[in-house]
Amino acid sequence: MRPRSAVWLALGWVGFALLPWFAGSGTQPALAPPSPGPAGSALIDGLTNGRWWLLPVALPLLLALAVTALPGLRARQPAVLLAGGAFGLAWVAAQGFAIGLDGWAWGWLAALFGPLPLGQGGYGAGAALTALSFLFLMTNGFAGLGFMKGDRFTAGAIGLVLAAIAAFVFLPVGYVLSGAGDTGTGGFSAAALWTRLAAPDIWRLSCLTEAKSCGVVWNSVFLAVMTGIATTLLGLAFALVAVRTGFRAKKLLRVLTVLPIITPPFVISLAVILLFGRNGTVTLGLAEWFGIPVSRWIYGLPGVLLTQTLAFTPISFLVMIGVVQGIGPSLEEAAQTLRASRWVTFRTVTWPLMRPGVANAFLISFIESLADFGNPLILGGNFEVLSTKIYFAVVGAQNDPGRAAALGIILLCLCLGAFWVQRQWLGKKSYATVGGKGDNGIPSQLPRGVKIAAYATALPWAAFTFVLYGLILFGGFTENWGRNNSLTLRHYLAAFDLSWGPSGLIWSGRAWGSLFTTIEVAALSAPLTAAVGLLTAYLLVRQRFAGRGAFEFLTMLSFAIPGTVIGISYILAFNQPPIELTGTITILIICFVFRNMPVSIRAGVAAMSQIDRSLDECSLTLGAGSVQTIRRVILPLLRPAIVASLVYSFVRAITSISAVIFLVSPKYELATAYIVGRVEQGDFGLAIAYSSALIVLMSVVIALIQFAVGERRIGRRTATPVTLQEKPV
Amino acid sequence: MSIASKAAGVEFRNVSRRYGNTAAVDDVSFTIEAGTLVTLLGPSGCGKTTTLRMIAGLEMASGGTILIGGKDVTRLPATDRNVTMVFQSYALFPHMTVADNVAYGLVVSGVRKRDAAARAAEGLELVGLGGYGQRLPSELSGGQQQRVAVARALVLEPEVLLFDEPLSNLDAKLRRKMRDDIRELQQKLGLTSVYVTHDQEEALAVSDRIIVMNKSVIAQTGTPDELYRRPKNRFVADFIGGANLLDGELVARGGGTATVALGRLTLSVPDTGLPAGEVLLAIRPNAIRLRPGTVGDGSGDGIPVTVRKATYLGSHMEYGLVSEFGDLFVVDPNVANPVPAGAAALATFTGDGIAAVAR
């Protein structure tokens, strides 16, 4: 243990004594003289600039040094490391939050200790490294005391994941809660919180009694319920067609399930505008042939409902496929041998078994609809929902973060409520009818009526979806959709032009900048997401420790936090010391890592549960440590899960919009935010061209990776499926 | 270069393993001599596997001290103990070849690749799988996979080699052969081995000593012979070899034997130090002989019974009897003149195979 603790201790000293403690010189308060040291480390700053509160950080470092270096004290090392690390971490956090740019951050501290002549900036490299060092010293000490089976790696990993979730999920959410009660002068009051939460434009029900619009909560909930019902029914129809009929083009239906992954969420809205907007093909056709006047009916509830149903049906389809496939055919065969007709079997066996799954699909669509931002933004018109209202409360003329925070709390509560219901209630009610035993039997055919209904809903809807995607791909090549349908490359040239200048190639198209940033952010965040997600999955599946259930719930919770809430919370939390990240590329990467982590966790948990635990234990008894076991045994067996989470995080980072639209800056613009900006400017041609380019790019990426990985896996493991290890123990 | 043994002894001093309020292993102490094969035997849930995993370092003791080779390893994780284990599921890494599997422990502990490969080949040779190195585990039969797992554990020259129900995934015939092979290898190399099983016959066949566990504590420790002939309690008597348990009364002791009264009969059993008074007689099924027909000759060396069930098994007969002391189960080698079901008979007791245990 000593060598590794010594490394972290050394890094702690480096962070404390050598690296700049604060981020960027721009955050140095004008009051303080410029830092005299070469690096402006905490040690130098504390001794010479009067920031005495930085000096106690040295205390645990000195103590840890003493127990590590002096042989006589080694027996006490774990306990000292644990206590010292905890104290150091607490002190770094406490002083960071207590002392802001202009001295004490909270009034009562100033009242208690008197005013502070100078303040401090946000954490920099030194502070980050020192805090990390304290964290690992603490976990090493913890493991040294015999917890976690004495496994330093596990203890450190749990500490790291918990600290990261605390800093980048719970701290921001905490800021939203306190931001909603902000009195405007920096204090918190319950009255302000109540006033904001109970604002009439959020809750009023005037649409029931008079011709006014209802509160934004009712809009959101109504929309989410309608979307949930529509997508669930469509998803069920699709699943029944795909699993229980002799439909020929099942492969084509499966393509549908990939679409929402590779499509930025608002692209459907653009396609719908191309059909039903004021210059839309259908609108113009109806006006010409039937004299139906051109109107803006699509902007509002009908448009948003339509686009959300289009966008989320594939997700519901994916859930329902699992549900329908999960019904053991032998149950239906049993019913039929008991003289039930097809219809009676469906009504008394099939449908009751599917019911929990149907409810699950509904809740997932419900949450997706609440959290959706792109479609209501583009098609909402006067129909306001929570996510767009939050956005306009921050970026619009209002610029009222407190109001945005209050709306964020309401949205968060709705989503968490649905999430909780989904996990608690449905989690226990699901009927897992496919056991470990082979359940052979032929899935019974659907009753005729159900079959016709499924075909009649699923097939036209699938055709409609494919038409919309065709329009998107085609729309970028027309001069001005609806008015001038002549073909042109103008939009693509505007976005992706290349030219030769005196100094070589010039990326002169307007989209290149955001595209490169997007790819950079996605490429940086994808491996991080996969790493954090799989590490968490490893801890959840493979390690037994107190509070594991709570740990799992915490990690999954961030899945239910809507993107807009994450966005607003990151602005509130990371716009000021001690953690100052807005405007940097770091905040975009962190945002993606914690947004996409739950999927990576799920992929990892699913894959790791397939690998018999005795494999790791065997590796341990053969003398490999946790790290070597992970590298040599678990990772090679997890390759499919790794690729899945890499691809997913990469693609999600490129297509998502709701959280990052708050976090992009002129320097770091992302593709989706840029496209939405173009749409708001009315520049549809370029927006559509850019969107189709993204969709094509994403399809190519997915196809390439699946091709590459698929080949390797087959080459290595044809004869050794992991399932071989699944012998009963 | 050949695979040698670094066999070391194992000692448990008052070791416990608790999960919350329930103890999987409760205050267990024992010593395992270096170079012997000791079996942990007991029904499922008795704590034998937990004990084994504590030797490996895969479970941490909640209390007590574990010594291996005289060193305190109680807090040492599995990685740092020189103990290897053959798992019930074999736990062969499916993505590595057989040779890579066997070399794994050497490679991760820093042995050069070439040396590791040579040692691995030697290990495979030892278990009779030379030339199988480039196969994948899935291309081997169950018995061969088992041998690979043994080779992989052997090449590290462990202080203690652990077997966690190693034969439970094999068919009966192969099980017998593997059991003999393991015992032979252990004796040839002088390994210290700890072997977990719930099969008492397997335990009797392979062990130098057996530790019988029940309900988280040790029920009895001893050689196979001691456990079979002088069980200390009802559980051990019943679990090892099976026994008819009848109420009797110990009336006299002396000269290494004790006299127990069973109804009108008196029987001699080995003296295990039990005081006079009520005892339980454990009578092995093969310690009872059936004499057909005549009942009540008054000689006093048998009890009248009725045959409830007679089963012909080729090499012997199995009888279910009804007697005044309760139902009896009998294995009788006399297949030439079986007693038919429903007949009355006289049951007599042979001298050996009867023990008295505390009630």
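Every value quoted in this text rests on a predicted model; they were computed, and no experiment measured them.

**Student:** Whenever I open this one, the overall build of chain B confuses me. Can you help?
**Tutor:** The helix and strand tally for chain B stands at eight helices and 20 strands. Along the three orthogonal principal directions, the C-alpha set of chain B runs to about 80 × 45 × 40 Å. Taking all 359 residues of chain B together, 51% fall into the buried category. Long-range pairs, those at least 24 residues apart, make up 67% of the contacts in chain B between residues at least 6 apart in sequence. Of the charged side chains in chain B, 37 are positive and 38 negative, and the gap between their average positions amounts to 4 Å.

**Student:** Any chance you could explain the pattern of salt bridges here in plain terms?
**Tutor:** In a structure, side chains of opposite charge can pair up when their charged atoms sit close to one another. Scanning the entire structure with this criterion turns up 18 salt bridges over all chains. Note that Glu59(B) and Arg17(B) form a salt bridge whose closest N and O atoms lie 3.0 Å from each other. Taken as a pair, Glu59(B) in the loop between helix H1 (48-56) and strand E4 (63-68) and Arg17(B) in strand E1 (residues 10-19) lie far apart in primary sequence, 42 residues in all. Residue Glu59(B) is classed as buried on the basis of its relative accessible area, which comes to 11%. We classify Arg17(B) as buried; its relative accessible area is 17%. A salt bridge links Asp181(B) to Lys177(B), with the shortest nitrogen-to-oxygen separation between them at 3.1 Å. Taken together, the residues Asp181(B) and Lys177(B), both in helix H5 (residues 172-189) and four residues apart, mark about one turn of the helix. One connected set of salt bridges, linked through shared partners, spans Glu617(A), Arg17(B), Arg53(B) and Glu59(B).

**Student:** When you look at the domain arrangement of chain A in this model, what are you seeing that I'm missing?
**Tutor:** A common way to report how large an interface is uses the accessible area buried once the components associate. Residues and elements named next belong to chain A. For chain A, the domain assignment lists domain 1 (2-145), domain 2 (218-385 + 449-475) and domain 3 (512-725). When the two sides are added together, the surface that domain 1 and domain 3 hide from each other amounts to roughly 520 Å², 72% of it contributed by carbon and sulfur. The three residues of domain 1 that bury the most area against domain 3 are Phe97, Gly122 and Tyr123, which together make up 50% of that side's buried surface. Where domain 1 meets domain 3, there are zero salt bridges. The interface formed by domain 1 and domain 3 contains one residue pair in polar contact (both at pLDDT 80 or more). Residue composition of the side of domain 1 that touches domain 3, by class: three nonpolar, five polar and no charged.

**Student:** In this structure, what is going on with the interface of chain B and chain A? I would like to understand it.
**Tutor:** The interface of chain B with chain A comprises 32 residues on the first partner and 29 residues on the second. Between chain B and chain A the total buried area reaches about 2,700 Å² when both faces are included, carbon and sulfur atoms providing 62% of it. By the criterion of area lost to chain A, the three top residues of chain B are Thr79(B), Pro94(B) and His95(B), representing 23% of everything that side buries. At the junction of chain B with chain A, the criterion picks out one salt bridge. Among the ionic pairs, Arg53(B) bridges to Glu617(A), the shortest N-O distance being 2.5 Å. Inspection of the chain B/chain A interface yields six residue pairs in polar contact (both at pLDDT 80 or more). Put simply, the parts of the chain that give the side of chain B that touches chain A at least two residues each are H1, strand E6 (83-86), helix H2 (98-108) and helix H4 (142-154) of chain B. With four residues, the single largest contributor to the side of chain B that touches chain A is H2(B). The class makeup of the residues in the side of chain B that touches chain A is 19 nonpolar, nine polar and four charged.

**Student:** Explain the packing of aromatic side chains here, please?
**Tutor:** How two aromatic rings sit relative to each other is set out by the distance from centre to centre and by the angle between their planes. All names here are of chain A. Here the structure, examined in full by the defined rule, presents 28 aromatic pairs over all chains. A ring pair is formed by Phe496 and Trp512, whose centres lie 5.3 Å apart and whose planes are at 70°; its orientation type is edge-to-face. Taken together, the residues span a long stretch of sequence, with Phe496 in helix H22 (residues 490-496) and Trp512 in helix H23 (residues 512-542) at a distance of 16 residues. By the burial criterion, Phe496 is buried, and Trp512 matches it.

**Student:** How do you make sense of the pairing of strand E10 (residues 217-222) of chain B when you look at a structure like this?
**Tutor:** The pairing of strand E9 (residues 209-214) of chain B with E10(B) spans five bridges and is classified as antiparallel. Looking at E10(B), one finds that Met213(B) is bridged to Ile218(B).

**Student:** Mind showing me how you'd approach the environment of Gly70(B) here?
**Tutor:** Mapped onto the elements of the fold, Gly70(B) is located in the loop between E4 and strand E5 (71-72). Expressed as a C-alpha distance, the spacing of Gly70(B) and Gly9(B), which sit 61 residues apart in the sequence, is 7.3 Å.

**Student:** When you look at the packing of helix H26 (residues 585-609) of chain A against helix H29 (residues 639-655) of chain A in this model, what are you seeing that I'm missing?
**Tutor:** For any two helices packed against each other, the geometry is given by the interaxial angle and the distance between the axes. All names here are of chain A. Contact pair H26 / H29: the axes reach a minimum separation of 9 Å and the direction vectors enclose 160°. Taken together, the axes of H26 and H29 lie roughly antiparallel to each other. Crossing geometry of H26 relative to H29 is assigned as right-handed. Residues Phe592, Arg595, Asn596, Val599, Ser600, Ala603 and Ala607 of H26 form the contact with H29, whose participating residues are Ala641, Ser645, Tyr648, Ser649, Arg652 and Ala653. Residue composition of the contact of H26 with H29, by class: seven nonpolar, four polar and two charged.

**Student:** Honestly, the domain arrangement of chain B in this entry has me stumped. Any pointers?
**Tutor:** Here the domain parsing of chain B yields domain 1 (10-228) and domain 2 (285-351). Here the C-alpha centre of domain 2 of chain B lies 43 Å away from the C-alpha centre of domain 1 of chain B.

**Student:** Is there a simple way to explain the state of the cysteines in this structure?
**Tutor:** By definition, a disulfide links two cysteine residues through a covalent bond between their sulfur atoms. Residue and element names in this part refer to chain A. Under the defined criterion, the tally for this structure stands at zero disulfides over all chains. Unpaired in this structure, Cys591 has its nearest cysteine sulfur neighbour in Cys415, at a distance of 15 Å. Under the relative-accessibility criterion, Cys591 is labelled buried at 1%.

**Student:** Before we go on, may I ask you to explain the UniProt feature "domain: ABC transmembrane type-1" (unreviewed entry) in chain A in this structure?
**Tutor:** Per the UniProt record, "domain: ABC transmembrane type-1" (unreviewed entry) is annotated on residues 217-422 and 515-705 of chain A. The distance from the first to the last C-alpha atom of residues 217-422 of chain A is 20 Å, and the span holds 79% helix and 0% strand.

**Student:** Where do I start with the side chain of Gln144(B) in this structure?
**Tutor:** Residues and elements named next belong to chain B. Tracing the chain through its elements places Gln144 in helix H4. Separated by 3.4 Å, the side chains of Gln144 and Tyr132 make a polar contact. Ignoring any residue separated from it by four or fewer positions in sequence, one finds Gln144 in contact with Leu129 and Tyr132.

**Student:** Looking at this model, I keep getting lost on the confidence of the model for chain A. Mind explaining?
**Tutor:** Low-confidence regions, as indicated by low pLDDT, have predicted coordinates that should not be scrutinised in detail. Residue and element names in this part refer to chain A. Predicted confidence across chain A gives a mean pLDDT of 80, with 91% of residues reaching 70 or more. Confidence over residues 25-34 falls short of pLDDT 50; this stretch has 16 contacts with residues more than four positions distant or in other chains. Overall, residues 432-439 carries pLDDT values under 50, and its contacts beyond four positions in sequence, including any with other chains, amount to 11 contacts.

**Student:** Help me understand the UniProt feature "domain: ABC transporter" (unreviewed entry) in chain B, please; the structure alone is not making it clear to me.
**Tutor:** In the numbering used here, UniProt assigns the "domain: ABC transporter" (unreviewed entry) feature to residues 10-240 of chain B. Spanning residues 10-240 of chain B, this segment combines 36% helix with 26% strand, and its end C-alpha atoms are found 24 Å apart.

**Student:** It is not clear to me how the packing of helix H12 (residues 250-262) of chain A against helix H21 (residues 448-475) of chain A should be interpreted in this structure. Could you clarify?
**Tutor:** Residue and element names in this part refer to chain A. Across the interface, H12 lies against H21 with an axial gap of 11 Å and an inter-helix angle of 55°. Regarding the angle of H12 to H21, the classification is oblique. At the point where H12 passes H21, the crossing takes the left-handed sense. Mapping the contact onto sequence places Leu252, Leu253, Val255, Leu256 and Leu259 in H12 and Ala462, Thr465, Phe466 and Tyr469 in H21. Per-class residue counts for the contact of H12 with H21 are eight nonpolar, one polar and no charged.

**Student:** Sorry, what's going on with the environment of Val357(B) here?
**Tutor:** Residues and elements named next belong to chain B. Looking at the secondary structure, you find Val357 in strand E20 (residues 354-358). Separated by 156 residues in sequence, Val357 and Glu201 have C-alpha atoms that sit 21 Å apart. Once residues within four sequence positions are removed from consideration, Val357 is found in contact with Pro231, Lys232, Asn233, Arg234, Leu274, Val279 and Leu280.

**Student:** Would you explain the confidence of the model for chain B in this entry?
**Tutor:** When pLDDT is averaged along chain B, the result is 88; 97% of the residues meet or exceed 70. In the model of chain B, strand E15 (residues 288-292) of chain B stands out as the element of lowest mean pLDDT, 83, in contrast to strand E3 (residues 37-41) of chain B, which has the highest, 95.

Procedures and definitions
- Residues numbered from 1 in each chain as written.
- Chains lettered and ligands numbered in written order.
- Predicted model: local features only at pLDDT ≥ 70, side-chain atom pairs only at ≥ 80, totals over all residues.
- Heavy atoms only, no water.
- Helix = DSSP H or I, 4+ residues; strand = E, 2+ residues; numbered from the N terminus.
- Buried < 20%, exposed > 50% of the residue type's maximum accessible area, 1.4 Å probe, protein only.
- Contact = heavy atoms within 4.5 Å.
- Lys, Arg positive; Asp, Glu negative; His and termini not counted.
- Charge placed at Lys NZ, Arg CZ, Asp CG, Glu CD.
- Salt bridge = Lys/Arg side-chain N within 4 Å of Asp/Glu carboxyl O.
- Domains from an automatic or database assignment.
- Buried area = accessible area lost by both parts, 1.4 Å probe.
- Polar contact = N/O pair within 3.5 Å; in protein donor to acceptor, adjacent residues only side chain to side chain.
- Nonpolar A, V, L, I, M, F, W, Y, C, P; charged D, E, K, R; others polar.
- Phe/Tyr/Trp six-rings, centres within 6.5 Å; stacked < 30°, edge-to-face > 60°.
- Pairing = 2+ DSSP bridges.
- Axes fitted to C-alpha atoms, helices over the stretch in contact; angles between N-to-C directions.
- Parallel < 35°, antiparallel > 145°, perpendicular 65-115°, else oblique.
- Left-handed = near helix turned anticlockwise from the far one by under 90°.
- Disulfide = S-S within 2.5 Å.
- UniProt positions renumbered as here; feature names shortened; annotations may be inferred.
- pLDDT = per-residue confidence, 0-100.

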